[in-house]
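Chain by chain, the residues:
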Amino acid sequence: MPLIEEVATHRFERIGSHSHIKGLGLDENGKAKFIADGMVGQTRAREAAGIAVKLIKKGKLAGKGILLAGPTGSGKTAIAMGIARELGEDVPFVQISGSEIYSAEIKKTEFLKQALRRAIGVRISEERKVYEGKVEKIQINKTKHPFNPYVEIPESVVITLKTKDDEKTIRAGREIAYQLLEMGVEEGDVIQIDAETGRISKLGTTKEEEGLFFKKKTEMPSGPVLKIKEFTYTVTLHDLDLVNSRAGGIFSLFFGGGLEITDEIREKVDETVKQWIEEGKAILVPGVLFIDECHMLDIEAFSFLARAMENELAPILILATNRGITKIRGTDLESPHGIPIDMLDRLLIINTEPYKKEEVKEIVKIRAREEGIEISEEALEYLAELGEKTSLRYAVQLLAPASILAGGKKVEKDHIEKARQYFADIKRSTEYVQNLEGMLR
Ligand SMILES: Nc1ncnc2c1ncn2[C@@H]1O[C@H](COP(=O)(O)OP(=O)(O)OP(=O)(O)O)[C@@H](O)[C@H]1O
Ligand SMILES: [Mg+2]
């Protein structure tokens, strides 16, 4: 009976307000287009980020870091998301926020260790024996559930796979029958069954299909049904840690992810990976650990990270902050961006600038489209003015309430004006409260 572990590449995505960001919007020479990929303006920072992407892809930035520093709402998180998009599917990008290290149920350093290891990919190429072909015939035999006679469960399957040159009928047990049912495999589909593990992948269908749930169209494979094929997939060091810690004890299976992975397991995994690399079986793909609001990290976390960056198997660190000179958390020391000097020394710094009116206007326009809100030119102009005076976020935030005030119809300037009366920007709100404090004295 094959025991199969799903090993998926982790990819943290907390988009929502960044859903419009599809990349960095650079041309082939690395120059930023004014509006592209959902990005507007901020050209110097975007171009710098583009260079960083190139370095990351070449593996030239491994063990180093980048700091995105600039005022709030100037697109630091947006640019980091853009970098993630540009890196492509198999380069891991892990996003955490500085404050998360305190709220997690595990130790701060353990949380960071796991985050670092999720951000390092191992691209493994493996030759595997597979059955591959078009499903010519599939017959799933069912039997009654041992405890509940009203329920039928699959017991076995007889399946005929066909290629241009070959045809084979195989009989397989319950696990494979289950997978086939769950994946909705039907006649005409092209599938692969791993001969050792029994894991099934669906490659597409040979049939012409239409509609919402159409499958990818593929050709009928050629060659023999049972063959040796090379597979390439990327897992992260953390995936490998998990798999190994599970294999280590039955308890981890019951208690799941809450248990700490021991350092011995990590060392064992590192050794194995290094060996794979030496034998040419694997390639290391250093990814990115993005820590937003990095001024929330404390001195312990920073020194842990600084040490971790020295490690051979280290990802690229991208930090973002909107603080100038501020205290390093956990100390009485002030430091630029609240980051200890020895860490700052390792970072390439990219500054983001406050937005001009034209830029605010374009970003608001993009967000309105993304949120499905129709807005008049006059209202847009007004929001852009407000955004320049207050903040980009405030302008974007007014969109949703204004749309409600407009009854879901086109948003006009009046609706924005009303929304503005209901919801204050930070400056107005502070002034208001300060005035009241004066009254009470
Ligand atoms: N240049 C840009 N192009 C398109 N959208 C942008 C751009 N800059 C910012 N945005 C959008 O504006 C909003 C605020 O930007 P973002 O969250 O990136 O700011 P930030 O610099 O990370 O601010 P903070 O310091 O408060 O975290 C987000 O919805 C973001 O996607
Ligand atoms: Mg941010």
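Procedures and definitions
- Residues numbered from 1 in each chain as written.
- Chains lettered and ligands numbered in written order.
- Predicted model: local features only at pLDDT ≥ 70, side-chain atom pairs only at ≥ 80, totals over all residues.
- Near = placed C-beta within 6 Å.
- Helix = DSSP H or I, 4+ residues; strand = E, 2+ residues; numbered from the N terminus.
- Nonpolar A, V, L, I, M, F, W, Y, C, P; charged D, E, K, R; others polar.
- Domains from an automatic or database assignment.
- Axes fitted to C-alpha atoms, helices over the stretch in contact; angles between N-to-C directions.
- Contact = placed C-beta atoms within 7 Å.
- Pairing = 2+ DSSP bridges.
- Core = buried A, V, L, I, M, F, W, Y, C linked by C-beta atoms within 7 Å.
- Buried ≥ 20, exposed ≤ 12 C-beta atoms within 10 Å, placed from the backbone.
- Parallel < 35°, antiparallel > 145°, perpendicular 65-115°, else oblique.
- Left-handed = near helix turned anticlockwise from the far one by under 90°.
- Expected span 1.5 Å × (residues − 1).
- Arc of directions from axis to C-beta.

1. Focus: the site of ligand 1
(1) Moving on: The local shell around ligand 1 holds 22 residues, among which T72, G75, K76, T77 and N322 are the closest.
(2) Moving on: Mapped by element, the contributors of at least two residues to the shell around ligand 1 are β2 (39-40), α2 (76-87) and α13 (392-405).
(3) Moving on: The residue makeup of the shell around ligand 1, split by class, is seven nonpolar, 13 polar and two charged.
(4) Moving on: Built from parts of two domains, the shell around ligand 1 gets at least three residues from each of domain 1 (35-119 + 287-351) and domain 3 (357-440).

2. Remarks on the packing of helix α12 (residues 377-389) against helix α14 (residues 413-422)
Helix packing for two helices is described by the angle between their axes and how far apart those axes are.
(1) Moving on: Packing of α12 against α14 brings their axes to within 7 Å, and their N-to-C directions diverge by 35°. The residues of α14 that touch α12, namely those facing E378, A379, Y382 and L383, are K413, H415 and I416.
(2) Moving on: Grouping the amino acids of the contact of α12 with α14 by side-chain chemistry returns four nonpolar, one polar and two charged.

3. Let's talk about the sheet that holds strand β4 (residues 93-97)
(1) Moving on: Taken together, the five strands give an open sheet; going across it, the order is β4-β12-β13-β3-β16, and neighbouring strands pair in parallel fashion. Edge positions in the open sheet fall to β4 and β16 (347-351), since each of these has one partner strand only. For this sheet, the mean angle separating the axes of adjacent strands, direction not counted, is 20°.
(2) Moving on: When β4 meets strand β12 (residues 288-292), the two strands line up parallel, connected through five bridges. Counted as the bridge partner of Q95 is F290 from β12.
(3) Moving on: In the packing of helix α1 (residues 43-57) onto the sheet, the strands contacted are β3 (65-69), β12, β13 (316-321) and β16, and the crossing angle to β16 comes to about 150°.

4. Some words on the pairing of strand β9 (residues 200-205)
(1) Moving on: The pairing of strand β8 (residues 189-194) with β9 spans five bridges and is antiparallel. Its bridge partner being in β9, I193 is matched across the sheet by I200.
(2) Moving on: In sequence, β8 turns back onto β9 through a hairpin of five residues, with G198 there showing a positive phi of about 80°.

5. Some thoughts on the nonpolar core
(1) Moving on: I83, V288, I318, V364, L383 and A395 are the most contacted members of the largest nonpolar core, which has 87 residues in total.
(2) Moving on: Of the domains in this structure, domain 1 (35-119 + 287-351) and domain 3 (357-440) are the two that each give at least three residues to this core.
(3) Moving on: When residues no more than four places from it in sequence are discounted, the contact partners of V364 are L380, L383, A384, G387, A395, V396 and L399.
(4) Moving on: Judged by nonpolar contacts, the second largest core, of 14 residues, contains V135, I159, L161 and I176.

6. Overview of the packing of α13 against α14
(1) Moving on: Their axes nearest at 8 Å, the elements α13 and α14 cross at an angle of 115°. Relative to α14, the element α13 is oriented roughly perpendicular. Crossing of α13 over α14 shows right-handed handedness. Only H415, I416, K418, A419, R420 and Y422 of α14 make contact with α13, whose side of the interface consists of L398, P401, A402 and L405.
(2) Moving on: When its residues are assigned to classes, the contact of α13 with α14 shows seven nonpolar, one polar and two charged.

7. Concerning helix α9 (residues 299-310)
(1) Moving on: Over its 12 residues, α9 extends 17 Å from the first C-alpha to the last, a length consistent with the 16 Å expected when each residue adds 1.5 Å.
(2) Moving on: Turning to α9, its buried residues number three or more, namely A301, F302, L305, A308 and M309. Along the axis of α9, the buried positions cluster into a sector of 125°, meaning they face one direction only. More than 90 degrees from the buried face of α9, the exposed residues found are R307 and E310.
(3) Moving on: On its buried face, α9 sits against β3, α3 (100-103), α4 (108-118), β13 and α10 (341-344).

8. A few points about unusual backbone geometry
(1) Moving on: Unlike most non-glycine residues, D37 shows phi in positive territory, near 55°.
(2) Moving on: Within the secondary structure layout, D37 lies in the loop between β1 (35-36) and β2.
(3) Moving on: Of note, H337 is a non-glycine position whose phi angle comes to about 60°, a positive value.
(4) Moving on: Considering the arrangement of structural elements, one finds H337 in the loop between β15 (334-336) and α10.

9. Things to note about the domain arrangement of the protein
(1) Moving on: Parsing the protein into structural domains produces domain 1 (35-119 + 287-351), domain 2 (125-233) and domain 3 (357-440).
(2) Moving on: Between domain 1 and domain 2, the C-alpha centre-to-centre distance is 43 Å.

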